[in-house]
Amino acid sequence: MPEADVSKKEKNYQADVPQENHGFFLKGSGNYDWGMKNRLARVFNPKTGRTVMLAVDHGYFQGPTTGLERIDLNIVPLIPDCDALFCTRGVLRSMVPAGSTKPMVLRASGGPSILKELSDEQIAMDIEDAIRLNAAGIGIQVFIGGEYETRSVHNMTRLVDAGLRYGIPVMAVTAVGKDMVRDARYFQLACRICAELGAQIVKTYYVEEGFEEITASCPVPIVMAGGKKIAEIDALTMAYNAVQGGASGVDMGRNIFQSDTPVAMLTAIHKVVHENMKPQDALELFESLKRGE
Ligand code: R5P
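In this report, the structure presented in the accompanying data block is examined. Just so you know, these numbers come straight off a predicted model, no measurement behind them.

One pass over the structure, following the stated rule, counts 13 salt bridges. Across the pair arginine 192 and glutamate 196 runs a salt bridge, and its minimum N-O distance is 2.6 Å. Of the two residues, arginine 192 and glutamate 196 are both situated in helix 7 (residues 184-196); the distance of four residues between them amounts to about one turn of the helix. Given the relative accessible area of 37%, arginine 192 is considered partly exposed. Residue glutamate 196 is classed as exposed on the basis of its relative accessible area of 53%. One network of salt bridges, with partners in common, ties together Arg89, Arg93, Asp129 and Arg132.

A separate point is the packing of aromatic side chains. Applying the stated criterion across every chain yields a total of five aromatic pairs. Residues phenylalanine 187 and tyrosine 205 carry aromatic rings whose centres are separated by 6.2 Å and whose planes lie at 45° to one another, so their mutual orientation is tilted. With phenylalanine 187 in helix 7 and tyrosine 205 in strand 8 (residues 201-205), this pair connects stretches of sequence that are 18 residues apart. Judged by its relative accessible area of 0%, phenylalanine 187 is buried. Where tyrosine 206 meets phenylalanine 211, the ring centres are 4.9 Å apart and the plane angle is 50°; that geometry is what we call tilted. Comparing tyrosine 206 with phenylalanine 211 shows no difference in burial state: the two are buried. Cluster of aromatic residues (ring-pair linked, three or more members): Tyr186, Phe187 and Tyr205. Between arginine 182 and the ring centre of tyrosine 205, over which it is positioned, the NZ or CZ distance is 4.4 Å.

Turning our attention to the sheet that holds strand 7 (residues 170-174). In space, the eight strands of this closed barrel follow the order 1-2-3-6-7-8-9-10, with parallel pairing throughout. The average undirected angle you get between the axes of adjacent strands in this sheet is 25°. Bridging between strand 8 and strand 9 (residues 222-225) involves four bridges; their strand directions are parallel. Paired with lysine 203 across the strands is valine 223, a residue of strand 9. Where helix 7 meets the sheet, its contacts fall on strand 6 (137-142), strand 7, strand 8 and strand 9, and the angle it forms with strand 8 comes to roughly 165°.

Right, let's talk about the site of the ligand for a bit. Neighbouring the ligand are 14 residues; Asp57, His58, Lys203, Gly253 and Arg254 lie closest to it. Within the side chain of aspartate 57, a nitrogen or oxygen atom sits 2.5 Å from an oxygen atom of the ligand. Between the ligand and glycine 227 there is a distance of 2.9 Å, counted from an oxygen atom to a backbone nitrogen or oxygen. Coverage of the ligand by the protein amounts to 96% of the 360 Å² it exposes when considered alone. Looking at the shell around the ligand, the elements with two or more residues in it are strand 8 and strand 10 (249-252). Partitioned by chemical class, the residues of the shell around the ligand number four nonpolar, five polar and five charged.

Turning to unusual backbone geometry, a few remarks are in order. Phi at glutamine 14 takes a positive value of approximately 45°, unusual for a residue other than glycine. Looking at the secondary structure, you find glutamine 14 in the segment before helix 1 (34-43). Overall, the relative accessible area of 46% leaves glutamine 14 in the partly exposed class. Not every positive phi belongs to a glycine, and asparagine 276 is a case in point at roughly 55°. A residue is classified by how much of its surface remains accessible, and asparagine 276, at 37% relative accessible area, is partly exposed.

The rules behind the values
- Position numbers for residues count from 1 along each chain, tracking the sequence in the order it is written.
- Only residues with pLDDT of at least 70 are given local features in this predicted model, and only at 80 or more are side-chain atom pairs given and counted; all residues enter the totals for whole chains, interfaces and linings.
- Heavy atoms throughout the structure, all of them, feed into the side-chain values; hydrogens and water do not.
- For salt bridges, the criterion is a side-chain nitrogen of Lys or Arg within 4 Å of an Asp or Glu carboxyl oxygen.
- Numbering of helices and strands starts at the N terminus; helices are DSSP runs of H or I of at least 4 residues and strands are runs of E of at least 2.
- Classification of residues uses two cut-offs on accessible area relative to the type maximum, computed with a 1.4 Å probe and protein chains only: under 20% is buried, over 50% is exposed, and between them is partly exposed.
- Classification of ring pairs uses Phe, Tyr and Trp, with its six-membered ring standing for Trp, and accepts pairs whose centres are within 6.5 Å; under 30 degrees between planes counts as stacked, over 60 as edge-to-face, and the remaining range as tilted.
- Whether a charge sits over a ring comes down to the Lys NZ or Arg CZ being within 6 Å of the ring centre and within 35 degrees of the ring normal.
- DSSP-based pairing: two strands are paired if at least 2 bridges between them are found.
- Where helices are involved, their axes are fitted lines through C-alpha atoms of the stretch in contact, as for all axes, and angles between N-to-C directions lie from 0 to 180°.
- Note on definitions: a residue-residue contact is assigned when non-hydrogen atoms from the two residues lie within 4.5 Å.
- Being near a molecule or strand, for a residue, means having at least one of its heavy atoms within 4 Å of it.
- Two N or O atoms form a polar contact when they lie within 3.5 Å of each other; inside protein one atom must be a possible hydrogen donor and the other a possible acceptor, and for residues adjacent in sequence the pair counts only when both atoms belong to side chains.
- Computed by Shrake-Rupley with a 1.4 Å probe, the accessible areas treat only the displayed protein chains as cover when residues are assessed.
- Nonpolar residues are Ala, Val, Leu, Ile, Met, Phe, Trp, Tyr, Cys and Pro. Charged residues are Asp, Glu, Lys and Arg, and all others, Gly as well, are polar.

Next comes the structure, spelled out in structure tokens:
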């Protein structure tokens, strides 16, 4: 039993001060429950509304991708410099220190390897395991226009239902088949379908023409996927243009971990995303960090 309140101090209810109703900073996310919002606020910085997520999940279908041969040696040292890590549960359990307080977004789909039809995916993790691992979010591919389009959409909606039961946001990744056109019209379609069917975050690629219309027509936050390794200035420009065009940050992999100085690239991307640093200035920062200055 708690002790009786015997304080002689007069109680102060501050009855003249109305209790504040807190809004929520993230696009389209104001009507979620507290746990869902709290997880989103761990992934996205509430001050800027943006995130720099480091994507290292490639092994789930590609095996030891260049730059990810030794996640313990190459990626774990980068964790303090990203806002969130997008990885598989296998990597999380085997190599990510449990003392890390960074939010972990877990890859929750899988099945085919690069040797097979990639759209033939299934949900590859129980929601209970995501909870057990204290996931801040879960991610899944959606193959709009792909051979197994309907199945991948259904995978996503089942994952969203599971996530809603426990307050775990789902990031839908718009996966584009090899022969499909990567243009604004396609990504508008894919992103909107993912959001309409319940994804709380959509990850998609940057396109030079019409990216603003993709973000404008998607009612939830979009994070930009990086794609294959390009020159640092081009990757920084792409990230800059994406956030200026309405993206709520990035979820980049190869352009960070395949850079010859990943930590410098991550720092430069961070400045672009959270401080609107211009690409040329970010490149100079990258170069100076690379020189060890
Ligand atoms: C998504 O399908 C992949 O598994 C990666 O998460 C995604 O492609 C982002 O990584 P990158 O920037 O290397 O394309």
